[in-house]
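If you want the building blocks of each chain, they are given just below.
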Amino acid sequence: MTQSSTLQHPRFSRAYLRISQVADQRGALEYRRALLAGLIGRVIEIGAGNGRNFPHYPATVTEVLAVEPDDTLRTHAEAAAREAPVRCA
């Protein structure tokens, strides 16, 4: 089994937090919406990052099971999950 500390990349995490905001401003937001449109039922999101997809799941999604191994990104994803219109676990 892999030690969770080997999955931590603080530089990447900090950069991803900034870059994901800029990317959304430059068109990734519309891509996220298009990617998630049409989903139904329970969804497993592997590599949830900072949870930027959560607000864009359609009402037809009943639950999102999100997995994120990085502690920093998971903390941000957990905060995003609390505000999401769909149940995120």
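Details of the structure are given in the entry above.
Report on the accompanying structure. (Residues numbered from 1 in each chain as written. Predicted model: local features only at pLDDT ≥ 70, side-chain atom pairs only at ≥ 80, totals over all residues. Heavy atoms only, no water.)

## Focus: the environment of S20
- Considering the arrangement of structural elements, one finds S20 in helix α1 (residues 10-36).
- Measuring from C-alpha to C-alpha, the distance between S20 and N50 comes to 8.6 Å, with 30 residues separating the pair along the chain.
- Within the structure, S20 has its side chain in polar contact with the backbone oxygen of L17 (distance 3.2 Å). (Helix = DSSP H or I, 4+ residues; strand = E, 2+ residues; numbered from the N terminus. Polar contact = N/O pair within 3.5 Å; in protein donor to acceptor, adjacent residues only side chain to side chain.)

## Focus on α1
- An ideal rise of 1.5 Å per residue puts 39 Å on 27 residues; α1 reaches only 28 Å between its terminal C-alpha atoms.
- The largest bend in α1 amounts to roughly 80° and is located at Q25.
- Burial in α1 covers these residues: S13, L17, S20, D24, R32 and L36.
- For α1, the secondary structure elements touched by its buried residues are α2 (71-83).
- Positive backbone phi, approximately 90°, marks G38, located one or two places after α1. (Expected span 1.5 Å × (residues − 1). Bend = angle between axes of the 7 residues up to and from the residue. Buried < 20%, exposed > 50% of the residue type's maximum accessible area, 1.4 Å probe, protein only. Contact = heavy atoms within 4.5 Å.)

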